[in-house]
Amino acid sequence: MIIEVEGVPVDTRHWIGGRRVSSGRTFANFSPIDEAHLGDIEAGGAAEIDAAVAAARAAFPAWAALTPKERGDILRRVADGIEARVEDLARVETRDNGSLLRSHRRGVMPRVAMNFRYFADFAEQLVHLDREIRGLRERITYDPSGVTAVITPWNAPLMLATWRIGPALAAGNTVVVKPPEWAPLTASLLADIAHEAGLPAGVLNVVQGTGAEAGAPLTRHPGINRLSFTGSVPTAGVVASAAAPNIVPLSFELGGKSPLLVLEDADLDLAVDLAVEQFDNAGQVCLGAFRLIVHSSLASSFLDKLVERAGRLVQGDPRDPSTDVSALVSRAHFDRVSGFVSRALASGARAVLGGGPDTSLGGLYFRPTILVDAEPGSEILTEEVFGPVLTMQTFDTEEQGIAMANDTRFGLAATLVTADAARAERVSSRLCAGTVWINCFFVRDLGAPFGGNGRSGIGREGGTWSFDFYCDVKNTVFGKGL
Ligand code: NAD
């Protein structure tokens, strides 16, 4: 069935083996903007996953046998197709997950195209190293590994999915993707674009559905060779158990509770700018630095400026170019975020900004919130909220600041603000996180490793690290006479 979303036709069926497939069951899809019912989406289960994995396995030998250049040419055409449809993709994604239309137009969708172009180019230049051992030649190659399963969340659905699909396909793998049930639509558009670009049938398959019904059978399927999962820690535990019997290599990009550490020599306005950025995407960002850890000498001026600046953020419909902060993705997620804040307030934290929803806008708009005086070790300081909620703590010595920043089971990112180059080196080297930003935030490079420590994940993706994961890296030793 085709539904129209923001004037764009979207096929609600699965994409398996190069054709549209119905499963006869559906789930309802709602928009965060106004909780409008956007349509009923075909709900996959074990049967559709079996069919998709079989299609991907059948397509694998021919796709893997192409040269990186031949695969790259097709993937660059996919990138062209995405670029030609940035506006459609942006409008549909905004309606579906509630993120800002201007961000989708300017940043996210161009990056989706880049996820194909960059890794297509990269695969062509992957160095197949020749080494020497006891006078013999040994060659290290990056071989395609088979079928890659990709499971992604709703906060940046197409960007996160293609960041895995791009390198997996460039490496010569075929893919089965299970998009998030709260924002499934752009994955269907991607299937259309890839087909039109000439991607052979079965190379990319899309099965929609819930985590329990469609995700779970994919994770335990014996026909997959790699599993890239982006989502929450509790789900990751279930996914790891399901994949374990098949010894499938996992890449996990999970949650975070990252610090913004502001030292006493920091540029105050820069520190405030970086703190305000944490309200982007209504705080539904894995990398967000939601724990503000500020030197006590700056604390009151920092907080005054931050409350003033964040208080001016415009909340509203993400399609309006003047909007800064939109709605939370779903009723269930809204209730979860509200619960965290209510419990924090009940246990002694104070809201110096926000603290609850703005019901004048609709049902799912939680106001930008800044909490102080939270009990050390309390839930609001330790658990991922995934909403527009910042906490502020203060410290007196560098040692205390570092200890507070590292006082988390997560380790996705850390942001440090200091004007002192020596301290920048010293303190950043002690921050426990996959990415550390100093005097900047969210500077991302597809060639750099990305991933988390601790509960924030397993492994790294980006650049060579993506190919280390998606490929079977092989060492071949050539004996005498060769
Ligand atoms: P989630 O774990 O609930 O769901 C993620 C995906 O897993 C969805 O597609 C869901 O359908 C699927 N799923 C659920 N149960 C499953 C099961 N039993 N088996 C297989 N698949 C299953 O997470 P979410 O609420 O969609 O997303 C928010 C989380 O994602 C946050 O924790 C956030 O930090 C994290 N995230 C991490 C990154 C990163 O790169 N580190 C990026 C974005 C989001």
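A quick note: this is a predicted structure, and the numbers were derived from the prediction, not measured.

**Brief notes about helix α15 (residues 463–470)**
- Within α15 the residues assigned to the buried category are G463, S466, F467, F469 and Y470. For α15, the arc enclosing every buried residue in end-on projection is 160°, short of the 170-degree limit, so these residues lie on one face.

**Remarks on the site of the ligand**
- In the region of the ligand, 28 residues are neighbours, and K178, E181, S232, L254 and E384 sit closest.
- With respect to the ligand, the side chain of W154 contributes an N or O atom lying 3.0 Å from an oxygen atom.
- Interatomic distance of 2.7 Å between a side-chain N/O atom of S232 and an oxygen atom of the ligand.
- Among the elements of the structure, α7 (211–219), β12 (226–230) and α8 (233–243) are those that each provide at least two residues to the shell around the ligand.
- A total of 4 residues in the shell around the ligand trace back to one element, the largest contributor, which is α7.
- Partitioning the shell around the ligand into residue classes produces 14 nonpolar, 10 polar and 4 charged.
- When we break the shell around the ligand down by domain, the ones giving at least three residues each are domain 1 (2–254 + 452–478) and domain 2 (259–438).

**Thoughts on the sheet that holds strand β17 (residues 369–372)**
- Strand order in this open sheet of 7 strands is β16-β17-β18-β15-β14-β19-β20, and the pairing throughout is mixed. Because the sheet does not close on itself, it has two edges, and the strands there are β16 (350–353) and β20 (435–438). In this sheet, neighbouring strand axes are inclined to one another by 25° on average, regardless of whether the strands run parallel or antiparallel.
- Judged from the 5 bridges that link them, strand β15 (residues 291–295) and strand β18 (residues 389–395) form a sheet pairing that is parallel. Bridge pairing links I293 to Q393 in β18.

**Considerations on the environment of E35**
- Counting through the fold element by element, E35 comes out in the loop between β5 (26–30) and β6 (37–42).
- The sequence separation of E35 and L364 amounts to 329 residues, and the corresponding C-alpha distance is 8.1 Å.
- Other than its neighbours up to four places away in sequence, E35 contacts F30, R331, G363 and L364.
- There is a polar contact of 3.2 Å between the side chain of E35 and the side chain of R331.

**Here we look at the pairing of β6**
- Relative to β6, β5 runs antiparallel, the two being bridged by 5 bridges. Looking across to β6, one finds that N29 is bridged to G39.
- Where β5 folds back onto β6 in an antiparallel hairpin, the turn is made up of 6 residues, including E35, whose phi is positive at roughly 60°.

**So, the domain arrangement of the protein**
- Here the domain parsing of the protein yields domain 1 (2–254 + 452–478) and domain 2 (259–438).
- For domain 1 versus domain 2, the separation of C-alpha centres amounts to 31 Å.
- With both chains or domains summed, domain 1 and domain 2 bury close to 2200 Å², and 55% of this area falls on carbon and sulfur atoms.
- If you look at where domain 1 meets domain 2, you find 3 salt bridges.

**Here's the deal with the environment of T323**
- Looking at where T323 falls in the secondary structure, it is placed in the loop between α10 (299–311) and α11 (331–346).
- Note on T323: relative accessible area 2%, which makes it buried.
- Measuring from C-alpha to C-alpha, the distance between T323 and P180 comes to 25 Å, with 143 residues separating the pair along the chain.
- Among residues more than four places away in sequence, those in contact with T323 are L100, R102, V314, Q315, G316, D317 and P318.
- In this structure the side chain of T323 is engaged in a polar contact, spanning 2.8 Å, whose partner is the backbone oxygen of D317.

**Let's talk about the pattern of salt bridges**
- Counted by the stated rule, this structure contains 39 salt bridges.
- Measuring nitrogen to oxygen at the nearest pair gives 3.0 Å for the salt bridge that ties R95 to D34. Linking R95 in helix α3 (residues 86–97) with D34 in the loop between β5 and β6, this pair joins segments that are 61 residues apart in sequence.
- The class for D34 is partly exposed, based on a relative accessible area of 42%.
- Salt-bridge contacts for E87 lead to R105; the nearest nitrogen and oxygen are separated by 2.8 Å. Here the residue E87 occupies a position in helix α3, and R105 occupies one in helix α4 (residues 101–124), the gap between them amounting to 18 residues.
- In this structure E87 comes out as partly exposed when scored by relative accessible area, which is 32%.
- Under the relative-accessibility criterion, R105 is labelled partly exposed at 34%.
- Linked by salt bridges that have partners in common, E6, D34, E87, R91, R95, R105, D317 and R319 make up one network.

**A closer look at the sheet that holds strand β22 (residues 471–478)**
- Taken in spatial order, the 3 strands of this open sheet run β7-β8-β22, and their pairing is antiparallel. Only two strands of the sheet have a single neighbouring strand rather than two, namely β7 (130–133) and β22. Within the sheet, the average angular offset between the axes of one strand and its neighbour, ignoring direction, is 30°.
- Note: strand β8 (residues 136–144) against β22, 8 bridges, orientation antiparallel. Among the inter-strand pairings, E138 is bridged to a residue of β22, identified as V477.
- Contacts from α15 reach β8 and β22, with the element oriented near 80° to β22.

Parameters at a glance
- Residues numbered from 1 in each chain as written.
- Predicted model: local features only at pLDDT ≥ 70, side-chain atom pairs only at ≥ 80, totals over all residues.
- Heavy atoms only, no water.
- Buried < 20%, exposed > 50% of the residue type's maximum accessible area, 1.4 Å probe, protein only.
- Helix = DSSP H or I, 4+ residues; strand = E, 2+ residues; numbered from the N terminus.
- Arc of directions from axis to C-beta.
- Near = heavy atom within 4 Å.
- Polar contact = N/O pair within 3.5 Å; in protein donor to acceptor, adjacent residues only side chain to side chain.
- Nonpolar A, V, L, I, M, F, W, Y, C, P; charged D, E, K, R; others polar.
- Domains from an automatic or database assignment.
- Pairing = 2+ DSSP bridges.
- Axes fitted to C-alpha atoms, helices over the stretch in contact; angles between N-to-C directions.
- Contact = heavy atoms within 4.5 Å.
- Buried area = accessible area lost by both parts, 1.4 Å probe.
- Salt bridge = Lys/Arg side-chain N within 4 Å of Asp/Glu carboxyl O.

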